[in-house]
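# Chain and residue survey
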Amino acid sequence: MTTFAGSRWWIVGASFGLGRALALALAREGADVIASARSADALAELARAQPGIKPLPVDVTDPGAVAAAVERAGAVDGLLYAAGDYEPMSARAWRPGVAEQVAAVNFIGALTVLSHVVPAMVARGKGRIVLIGSLAGFRGLPGAIGYGASKAALMHLAENLRVDLTGTGVTVQCINPGFIATRLTARNDFRMPQIMTPDEAACRTLRAIRSGRFSVSFPAPFAWLFTLGRHLPVALFQALVR
Ligand SMILES: NC(=O)c1ccc[n+]([C@@H]2O[C@H](COP(=O)([O-])OP(=O)(O)OC[C@H]3O[C@@H](n4cnc5c(N)ncnc54)[C@H](OP(=O)(O)O)[C@@H]3O)[C@@H](O)[C@H]2O)c1
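A brief look at the structure comes next. It should be emphasised that the depicted structure is a prediction, and the values quoted were computed from it without experimental measurement.

## Focus on the overall build of the chain
For the chain, the helix and strand inventory stands at eight helices and seven strands. In terms of overall size, the chain behaves like a compact globule, its C-alpha atoms giving a radius of gyration of 17 Å where 242 residues would be expected to give roughly 18 Å. Counting only C-alpha atoms, the chain reaches 50 × 40 × 30 Å along its principal axes. A separation of at least 24 residues holds for 64% of the contacts in the chain among residues at least 6 apart in sequence. Total accessible area computed for the chain in this model is approximately 11,400 Å², and 57% of it derives from carbon and sulfur atoms.

Okay, structure coming up:
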């Protein structure tokens, strides 16, 4: 069973929402948490709220800034990539630049951070990588141009990492939450089944990390629509979610 006390975790995307709740939860369990995102003020406030959290502002879409942040973070036992962006957008009302921005944070940003962290963990022969995917990454959903594909890419990347890193001492997990009440879902104008608070989602995420399972999706039964639904013909799945 995983104990977080005394371990050093870098949470990217820790200023608000799920990442913030995870930073607080991990620090309360006795972990040293390095908290990153763009909003320096929110990170400073987070560090004041809970001992054990150190702010490290960074924009994951800036490779130079990421390289500098990696230096300042130093060796970490765990990396939790929770940075994310989302704009509801249908292919029928495509706004240039939006999908690129979302993908830059959700997927390319993850690649940039991992390109530094993974080799360092492999060299040390230990480490934990946790990527926050989404139920939206399993199948093509309406109004998710940019977001859905970027999460699918991140979840696929987790599988690539898992197979390559088996035997290196570096473990990989992909946690796929359903709806969480955050800044991102405040942009939705539809009913969100089984929506969770960030604290509730953080609690389930820590439980998933502790389980050691590669891929964990929640909350049930909503998550079953996506985990089982990926085996359905696309027309049937899309008729169900519509
Ligand atoms: N909300 C949901 O229903 C839901 C469902 C499934 C998965 N998720 C995933 O959960 C994660 C957290 O999202 P959330 O819902 O908690 O939203 P949120 O409150 O908006 O948090 C997103 C985090 O990402 C950071 N971020 C965004 N752009 C960044 C950039 N360029 N560089 C560094 N950090 C950046 C934000 O901080 P700054 O703005 O300060 O940079 C913030 O800390 C995301 O990966 C999201 O896709 C969310």
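## Describing the pairing of strand β4 (residues 78-81)
Burial of β4 is two-sided: the residues G78 and L80 facing one way and the residues L79 and Y81 facing the other way are all buried. Examined bridge by bridge, β4 and strand β5 (residues 127-132) share four bridges and lie parallel to one another. Bridging from a neighbouring strand, G78 pairs with R128 of β5. Once the chain exits β4 it traverses helix α4 (residues 98-124) before rejoining the sheet at β5, and the crossover so formed is right-handed.

## Describing the packing of α4 against helix α5 (residues 147-165)
Interaxial distance between α4 and α5 falls to 8 Å at its minimum, and their mutual angle equals 15°. Between α4 and α5, the angle is such that the two are roughly parallel. When you trace α4 past α5, the crossing you get is right-handed. Within the contact between the two elements, α4 uses V102, A103, N106, F107, A110, L111, L114, V118 and V122 and α5 uses Y147, S150, K151, A153, L154, L157, L161 and L165. Of the residues in the contact of α4 with α5, the class split is 14 nonpolar, two polar and one charged.

## A word on the pattern of salt bridges
Per the stated rule, a full pass over the model turns up five salt bridges. Between R187 and D85 there is a salt bridge, with the nearest N and O atoms lying 3.5 Å from each other. You can see R187 sitting in the loop between β6 (170-177) and α6 (198-211) and its partner D85 sitting in the loop between β4 and α4, a full 102 residues away along the chain. Among the residues examined, D85 registers a relative accessible area of 17% and is labelled buried. Notably, a salt bridge pairs E87 with R187, separated by 3.6 Å at the nearest N-O pair. Of this pair, E87 sits in the loop between β4 and α4 while R187 is found in the loop between β6 and α6, placing the two residues 100 residues apart along the sequence. Overall, the relative accessible area of 27% leaves E87 in the partly exposed class. Take R187: its relative accessible area is 36%, and that puts it in the partly exposed class. Each of D85, E87, R95 and R187 takes part in one network of salt bridges that share partners.

## Quick look at the pairing of strand β1 (residues 8-12)
Most of β1 is tucked away: four of the five residues are buried. Handedness of the crossover is the feature at issue here: the chain leaves β1, passes through helix α1 (residues 17-28), returns alongside strand β2 (residues 32-36), and the resulting connection is right-handed. Here four bridges tie β1 to β4, and the two strands are oriented parallel to one another. Residue pairing in the sheet places W9 in a bridge with G78 of β4.

## A short note on the packing of aromatic side chains
Tallied over the full model, the rule gives six aromatic pairs. A centroid spacing of 5.8 Å and a plane angle of 25° characterise the contact between F179 and F222, whose relative ring orientation is stacked. Note that F179 is positioned in the loop between β6 and α6 and F222 in helix α7 (residues 222-227), a separation of 43 residues in sequence. Overall, the relative accessible area of 15% leaves F222 in the buried class. Aromatic ring contacts, followed pair by pair, group F179, F190, F222, F226 and F237 into a single cluster. One Lys or Arg, R162, reaches over the ring of F214 and ends 5.8 Å from the middle of that ring.

Cut-offs applied
Residues numbered from 1 in each chain as written. Predicted model: local features only at pLDDT ≥ 70, side-chain atom pairs only at ≥ 80, totals over all residues. Heavy atoms only, no water. Helix = DSSP H or I, 4+ residues; strand = E, 2+ residues; numbered from the N terminus. Rg over C-alpha atoms; globule rule 2.2 N^0.38 Å. Contact = heavy atoms within 4.5 Å. Areas by Shrake-Rupley, 256 points an atom, 1.4 Å probe, with all protein chains shown as cover. Buried < 20%, exposed > 50% of the residue type's maximum accessible area, 1.4 Å probe, protein only. Pairing = 2+ DSSP bridges. Right-handed = clockwise from strand over helix to strand, strands pointing away. Axes fitted to C-alpha atoms, helices over the stretch in contact; angles between N-to-C directions. Parallel < 35°, antiparallel > 145°, perpendicular 65-115°, else oblique. Left-handed = near helix turned anticlockwise from the far one by under 90°. Nonpolar A, V, L, I, M, F, W, Y, C, P; charged D, E, K, R; others polar. Salt bridge = Lys/Arg side-chain N within 4 Å of Asp/Glu carboxyl O. Phe/Tyr/Trp six-rings, centres within 6.5 Å; stacked < 30°, edge-to-face > 60°. Lys NZ or Arg CZ within 6 Å of the ring centre and 35° of its normal.

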